[in-house]
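Observations on the model geometry
This is what each chain is made of:
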Amino acid sequence: MNEDLGATTPLLRRLEQAAGAQLLDQTRLNEPLPVGAAIVTGAGALRVQLLVHAVVMGRSEPVSRDAVRHALTSAMQRVEAWEINSVAIPPFGLGAGNLEIEESAQIMLDVIAQHVQRGRHPASITLIAETQD
């Protein structure tokens, strides 16, 4: 997501559309969030209860390894705080001019491994991919 909780990839745009107007109402912000922040909202018309939104880029701050690491760490902290048992996570920081898939995957695996060592939640993590890459 960007600092205004706008979708940064086609996958996230489709998710927003499927969730409908209720999600858009919940993600309207009074001011932008800092890169690396994460928040929890309802899921609109989706078949899940909650969504965790993580900010990987801003208008003046492009996607970077550190932004992805901080955003996913914040998201996992929200999962722990809200005691969310099951999560599905799309790739962070991909797209034109952003991180390569191998870079993103390594950062994500490092953050998830660190979180799993000390956290109780989630009990289940599913990584979502649109392509075999």
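This report concerns the structure included in the present document. (Residues numbered from 1 in each chain as written. Predicted model: local features only at pLDDT ≥ 70, side-chain atom pairs only at ≥ 80, totals over all residues. Heavy atoms only, no water.)

Brief notes about the overall build of the chain
Going by this rule: Runs of H or I in DSSP of at least four residues are treated as helices and runs of E of at least two as strands, each being numbered from the N terminus. When accessible area is computed with a 1.4 Å probe and restricted to protein chains, residues below 20% of their type maximum are described as buried, those above 50% as exposed, and intermediate ones as partly exposed. Contacts are assigned to residue pairs that have any heavy atoms within 4.5 Å of one another. With residues, only the protein chains shown are counted as cover, and all accessible areas are computed by Shrake-Rupley using a 1.4 Å probe. Counted as positive: Lys and Arg. Counted as negative: Asp and Glu. His and the chain ends are not counted at all. Here the site of a charge means NZ on Lys, CZ on Arg, CG on Asp, or CD on Glu.
Scanning the chain for helices and strands turns up 4 helices and 4 strands. Sequence-ordered secondary structure for the chain, helices as α and strands as β, is α-α-β-β-α-β-α-β. Reported as C-alpha extents along the three principal axes, the dimensions of the chain are approximately 35 × 35 × 30 Å. Here the chain holds 133 residues, and the buried ones make up 38% of them. For the chain, long-range pairs separated by at least 24 residues make up 57% of all intrachain contacts whose partners lie at least 6 apart in sequence. Of the roughly 8000 Å² of accessible surface on the chain, a fraction of 50% belongs to carbon and sulfur atoms. Distance between charge centroids for the chain: 5 Å, based on 10 positive and 15 negative side chains.

What to know about the side chain of S74
One can find S74 in helix α3 (residues 65-81). Sequence-distant contacts of S74, defined by excluding residues within four places in its chain, comprise G36, A37 and A38.

Concerning the pattern of salt bridges
Inclusion rule: By convention in these notes, a salt bridge is any Lys or Arg side-chain nitrogen within 4 Å of a carboxyl oxygen on Asp or Glu.
Enumeration according to the criterion identifies 5 salt bridges in this entry. When the shortest N-O distance is used, the salt bridge between R28 and D25 registers 2.7 Å. Taking the relative accessible area as the measure of exposure, R28 reaches 61% and is therefore exposed. As a salt-bridge pair, R65 and E103 come within 3.3 Å of each other at their nearest N and O atoms. Pair noted here: R65 is in helix α3 and E103 is in helix α4 (residues 101-118), with a separation of 38 residues, a long-range link. Judged by its relative accessible area of 38%, R65 is partly exposed. Look at E103 and you get partly exposed, because its relative accessible area is 27%. One salt-bridge network, held together by shared partners, links E3, D4 and R59.

Focus on unusual backbone geometry
Along the chain, H121 connects to P122 via a cis peptide bond; the corresponding omega equals 5 degrees. Examined against the element boundaries, P122 turns out to sit in the loop between α4 and β4 (124-127). Its identity as a non-glycine residue notwithstanding, L5 has a phi of 65 degrees, on the positive side. Mapped onto the fold, L5 is located in the segment before α1 (10-19). At E83, a residue that is not glycine, the phi angle is positive and equals roughly 55 degrees. Structurally, E83 is set in the loop between α3 and β3 (86-89).

What to know about the nonpolar core
Across soluble globular proteins, you tend to see nonpolar side chains buried next to one another. Stated formally: Residues enter a nonpolar core if they are buried and are Ala, Val, Leu, Ile, Met, Phe, Trp, Tyr or Cys, with the set joined through side-chain atoms within 4.5 Å.
Formed by 19 residues in total, the largest nonpolar core has its most connected members in A54, V56, V68, L72, I89 and F92. Secondary-structure elements contributing two or more residues to this core are α3, β3 and α4. Of the residues forming this core, the biggest block, 6 residues, is contributed by α3. If sequence neighbours within four positions are ignored, A54 has contacts with M1, A37, A38, A71, A75 and F92.

These figures come from the coordinates and say nothing about function on their own.
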